Amino acid sequence: MKYKIDVVRIRENSITLNGWVIGKTPESKATFRVIDESKKPVRFRHVATRRDDVSQIYYKKIYDKDFGFDIRFPYERGNSYWLQIRCDGKEQRIKFNEELIAKRSSVAYKRREKIHDLMNMETVRVAAEFGKKHGIKALFLKSKHKLQGLDNDYDYKEWYDLTKPDEEELRRQRQEKLPASPLLSIVIPSYKTPEKYLREMMDSILAQTYGNWEVCVANGSPKGEGGTVEKVMSWYAKRDSRFRCENLRENRGISGNTNAAIAMARGEYIVLADHDDTLPEHALYEVAAAIAAHPECDMIYSDEDKLDMDGGALFDPHFKPDFNPDLLTSVNYICHLLIVKRDLLERVGGLRHEFDGAQDYDFIFRCSEAAKGIYHIPKVLYHWRCHQGSTASNPESKLYAFEAGARAIMAHYERCGIVAKKVEKGVDYGIYHTIFDIAGNPLISVVIPNKDHTPDLDLCIRSILKKATYRNLEFVIIENNSTKKETFAYYKAIQEELPQVRVVTWEREFNYSSINNFGASQAKGEYLLFLNNDTELIEPRLFEEMLGFCQREDVGVVGARLLYQDDTIQHAGVVVGFGGIAGHTFIGLHQAENSYFHRAMCAQDYSAVTAACMMTKAELFRQVGGFTEELAVAFNDIDYCMKVRAAGRLVVYAPYALLYHYESKSRGLEDTPEKVARFNREIGIFAKRWPEILAKGDPYYNPNLTLRKSNFALRDLLKEKIGEPYRLEVKV
């Protein structure tokens, strides 16, 4: 038997445990028992949950079984309790009391736990099997990344305390008169809300530094069961007329209750919130300030984090990008805090009960489609209480919500005229993968520069021809100053063997941009796929995955997910600002590991992608002038993406388009003074061409996250001031 307690929390007068247990086989069944100090049984609530990660690690396969558990039992402070786990005839007892739980919550303990988790999860057997499958280097990297967070500059609580407004700033906000002071209507559906949580929510609103607000609570608790909400809201209403509550005497469902709260609202802007969450004191001030600064925007959202049930800990912050339509079709990343102008809400309508479980997701889609402007406040303005049964802590407990989410995405596509075959589960519940219909059977020209290295080129071409399911392809090989006789013999042989392969000759000095522009001019396809010769196809549907996005009118460029030979990430999108100019995201993360909010496995818009595998429309390529030939070596692909974005098109990262990239075997390293000087010169050229994004920061990357690492870690407070633009200094 193997087990792990992942989370232990005291929540009011109860202890909640989240973890997993497995036996010798997937069919092994675990039983649980809780006893007190007198060895008497304690009644407890047990909810079985899926743990596909555990199933995959230990059984090497995803089983439709519940290896995880959520257990809650009553707790009296000062007493000790034991959880007994039995499986395959063996028993384990785990002790819990206030002192031990407090110890577990310390930063030092958590760091020791990460090391212990590594030793516990990766047994000798599992480690040996993983190493056999992926190699010793991959095992080392996976083990290293299990310690992810140990090298972070800050624990989130410490970081949050250092970045939140101090008392002086809060006083200033209370005294400031903003140029626009709209009435903000906070609409809250309530259903049998525990008094403690409802009071915490109301108190957090009462503490706001911005005062022009009203609270509209629709109490959907059935007649005879809504007394607590009615009593609490009556108490607040008597003390402050800004609090209002309507007792519906029936549960109309989450959509109906929310719509009832919206109907009560008198404000120009509607602020959607849940009944058991909280707002930081400066939340509404930041909303009002954003409205004043961006009056053209009728939809606003912020960053958020999670709040544990006893309200004592903040964790799992979600620092979001500016509006990212393709990420929104992968996951409801907007969520909280959401503010919608009244006239926009009236145009799109309220929440729809047929999408209950994902009613906010459907509403966000409809608002984003009709909005005149969408603004993202890159600050945590919402604390989402995380408890059993919520999608925040246990996605499996609301599987119906994710099915409703898939329907919301399909409805969005239908309204936008995008033809999709289906929306399926992505890397996790709540993460979606869309399979698009391909219009017609367009010719795709695969443009590959090559200098010698014919074994690499041959592997590249044949991996596509052998594995790819899309067949209407031509290969345009650009011969670039090869010196080996066998290279030209190979060219002759491959063209005779494969009629879809053509070799064209570049007769001038090396210039990546010029070479690819020349190759594109020789291509006959409606779409161009620029591809490095040191790549190998992994995903047979690579072309369909990329073409599904690229055929859309609003998309100009599509990039792929690229892996190193050891199955770690080489490219999962590009952030302008990494390393001073631009860099790839999630470099070195093993493909089997989770990235920041699963971003490596979410289709999304980025400022740029790498041309090691990049699809674009041939007509658009000509319209924007192709690659900038002044950038002979570096940043030409980033520059091309920037030109496409300047033309009003999106750059999309398609994670299910997957290849190996063996990294620049053809060109060599920048290892001479001349090459280094050229590289530095091109940094200056790029900085001159795109100064605004370097000064203000990449809109698809959150300014609270670091530019020093590619893993979306918290920004270093000692080196960079939070809340200010990037202001990168680039010597030109």
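Residues numbered from 1 in each chain as written. Predicted model: local features only at pLDDT ≥ 70, side-chain atom pairs only at ≥ 80, totals over all residues. Heavy atoms only, no water.

Peer 1: How would you explain the overall build of the protein if you had to name every residue and give the values?
Peer 2: Looking only at helices and strands, the protein features 23 helices and 29 strands. In the protein, buried positions account for 56% of the 732 residues. Counted over contacts in the protein with a minimum sequence separation of 6, partners at least 24 positions apart contribute 75%. In the structure as shown, the protein presents an accessible area of about 31,500 Å², 50% of it carried by carbon and sulfur atoms. (Helix = DSSP H or I, 4+ residues; strand = E, 2+ residues; numbered from the N terminus. Buried < 20%, exposed > 50% of the residue type's maximum accessible area, 1.4 Å probe, protein only. Contact = heavy atoms within 4.5 Å. Areas by Shrake-Rupley, 256 points an atom, 1.4 Å probe, with all protein chains shown as cover.)

Peer 1: Describe the sheet that holds strand S6 (residues 81-87), and please don't skip the residues or the numbers.
Peer 2: The sheet built from three strands is open, its strands ordered S3-S6-S7 with antiparallel pairing. Each edge of the sheet is formed by a strand with only one pairing partner; in this case those strands are strand S3 (31-35) and strand S7 (90-96). Looking at each pair of strands side by side, their axes are set apart by 20° on average, direction ignored. Relative to S7, S6 runs antiparallel, the two being bridged by seven bridges. From the neighbouring strand, Tyr-81 faces S7, where its bridge partner is Phe-96. (Pairing = 2+ DSSP bridges. Axes fitted to C-alpha atoms, helices over the stretch in contact; angles between N-to-C directions.)

Peer 1: Would you mind going over the pattern of salt bridges in detail, with residue names and values included?
Peer 2: Overall, the coordinates contain 36 salt bridges when judged by the stated rule. Among the salt bridges present, the one from Lys-164 reaches Asp-161, with a minimum N-O distance of 3.7 Å. Among the residues examined, Lys-164 registers a relative accessible area of 41% and is labelled partly exposed. Salt-bridge contacts for Glu-545 lead to Arg-541; the nearest nitrogen and oxygen are separated by 3.0 Å. Relative accessible area serves as the criterion here: at 7%, Glu-545 is assigned to the buried category. Accessibility expressed as a relative area gives 25% for Arg-541, which makes it partly exposed. A single salt-bridge network, built from bridges that share partners, covers Arg-86, Glu-91 and Arg-93. (Salt bridge = Lys/Arg side-chain N within 4 Å of Asp/Glu carboxyl O.)

Peer 1: Let's hear about the environment of Arg-561: which residues, and what values?
Peer 2: Structurally, the position occupied by Arg-561 is in strand S23 (residues 555-563). Take Arg-561: its relative accessible area is 6%, and that puts it in the buried class. With 93 residues separating them along the chain, Arg-561 and Ala-654 place their C-alpha atoms 6.8 Å apart.

Peer 1: Let's hear about unusual backbone geometry: which residues, and what values?
Peer 2: Cis geometry marks the peptide bond from His-336 to Leu-337; its omega dihedral reads -15°. Mapped onto the elements of the fold, Leu-337 is located in the loop between helix H12 (325-328) and strand S14 (338-341). With phi around 55°, Asp-88 is a residue other than glycine that occupies positive phi space. Relative to the helices and strands, Asp-88 is located in the loop between S6 and S7. Take Asp-88: its relative accessible area is 35%, and that puts it in the partly exposed class.

Peer 1: Any details on empty space enclosed by the protein? Residues and values, ideally.
Peer 2: In this approach, a probe sized like a water molecule rolls over the atoms, and the result shows the empty space that is left. For the structure shown, the criterion picks out two cavities of 30 Å³ or more. The space that makes up the largest cavity amounts to roughly 100 Å³. Looking at the largest cavity, it is lined by 14 residues, and the ones nearest its centre are Ser-330, His-433, Thr-434, Phe-549 and Ala-603. Listed by contribution, the elements that provide at least two residues to the lining of the largest cavity are strand S17 (432-436), helix H19 (542-550) and strand S29 (650-661). Examining the composition of the lining of the largest cavity, we find that four residues originate from one element, S17, more than from any other. As a volume, the second largest cavity reaches approximately 40 Å³. As for the second largest cavity, its lining consists of Thr-434, Ile-435, Phe-436, Ile-438, Arg-541, Glu-544, Glu-545 and Gly-548. (1 Å grid on protein atoms, 1.4 Å probe; cavity = no way out; pocket = protein on both sides within 12 Å on 5 of 7 lines; lining within 4 Å. Points joined across faces, edges and corners; volume = space filled by probe spheres on them.)

Peer 1: Pulling in residues and values, what's your account of the side chain of Thr-585?
Peer 2: Here Thr-585 is to be found in the loop between strand S26 (582-584) and strand S27 (604-605). There is a polar contact of 2.8 Å between the side chain of Thr-585 and the backbone oxygen of Ala-572. Residues within four places of Thr-585 in sequence aside, it is in contact with Ile-569, Ala-572, Gly-573, Val-575, Phe-578, Tyr-606, Ser-710 and Phe-712. (Polar contact = N/O pair within 3.5 Å; in protein donor to acceptor, adjacent residues only side chain to side chain.)

Peer 1: Give me the nonpolar core: which residues, what numbers.
Peer 2: Counting residues in hydrophobic clusters, the biggest one holds 90 residues, and the most contacted among them are Ile-461, Phe-475, Phe-543 and Met-615. Top element by residues in this core is helix H15 (residues 399-416). It accounts for seven residues. With sequence-adjacent residues up to four places away left out, Met-615 is seen in contact with Ile-444, Tyr-527, Leu-528, Leu-529, Phe-543, Met-546, Leu-547, Cys-550, Gly-556, Val-557 and Val-558. Of all hydrophobic cores here, the second largest spans 63 residues; its members include Phe-319, Trp-506, Val-557 and Ala-582. (Core = buried A, V, L, I, M, F, W, Y, C linked by side-chain atoms within 4.5 Å.)

Peer 1: I'd like a rundown of H15, residues and numbers included.
Peer 2: With 18 residues, H15 should reach 26 Å at 1.5 Å per residue; the first-to-last C-alpha distance of 26 Å fits that figure. Taken residue by residue, H15 has Ala-401, Phe-402, Ala-404, Gly-405, Ala-406, Ala-408, Ile-409, Ala-411, His-412 and Tyr-413 as its buried positions. Buried residues in H15 make contact with helix H14 (359-370), strand S16 (420-425) and S17. (Expected span 1.5 Å × (residues − 1).)

Peer 1: Tell me about the packing of aromatic side chains, and please be specific about residues and values.
Peer 2: Considering all chains together, one arrives at 36 aromatic pairs under this definition. A ring pair is formed by Phe-530 and Phe-621, whose centres lie 5.1 Å apart and whose planes are at 40°; its orientation type is tilted. Taken together, the positions of Phe-530 in strand S21 (residues 527-531) and Phe-621 in helix H20 (residues 618-623) put the pair 91 residues apart, joining distant regions of the chain. Per residue, the accessibility class of Phe-530 equals that of Phe-621, and both read buried. Ring centres of Phe-621 and Tyr-640 lie 5.3 Å apart, and the angle between their planes is 50°; on these two criteria the pair is classed as tilted. Of this pair, Phe-621 sits in helix H20 while Tyr-640 sits in helix H21 (residues 636-646); the two residues are 19 residues apart in sequence, bridging distant segments of the chain. An identical accessibility class is assigned to Phe-621 and Tyr-640; each is buried. A network of ring pairs unites the aromatic residues Phe-578, Phe-586, Tyr-596, Phe-597, Tyr-701 and Phe-712 as a single cluster. If you follow Arg-199 out to its NZ or CZ, it ends over the ring of Trp-235, 5.0 Å from the centre. (Phe/Tyr/Trp six-rings, centres within 6.5 Å; stacked < 30°, edge-to-face > 60°. Lys NZ or Arg CZ within 6 Å of the ring centre and 35° of its normal.)

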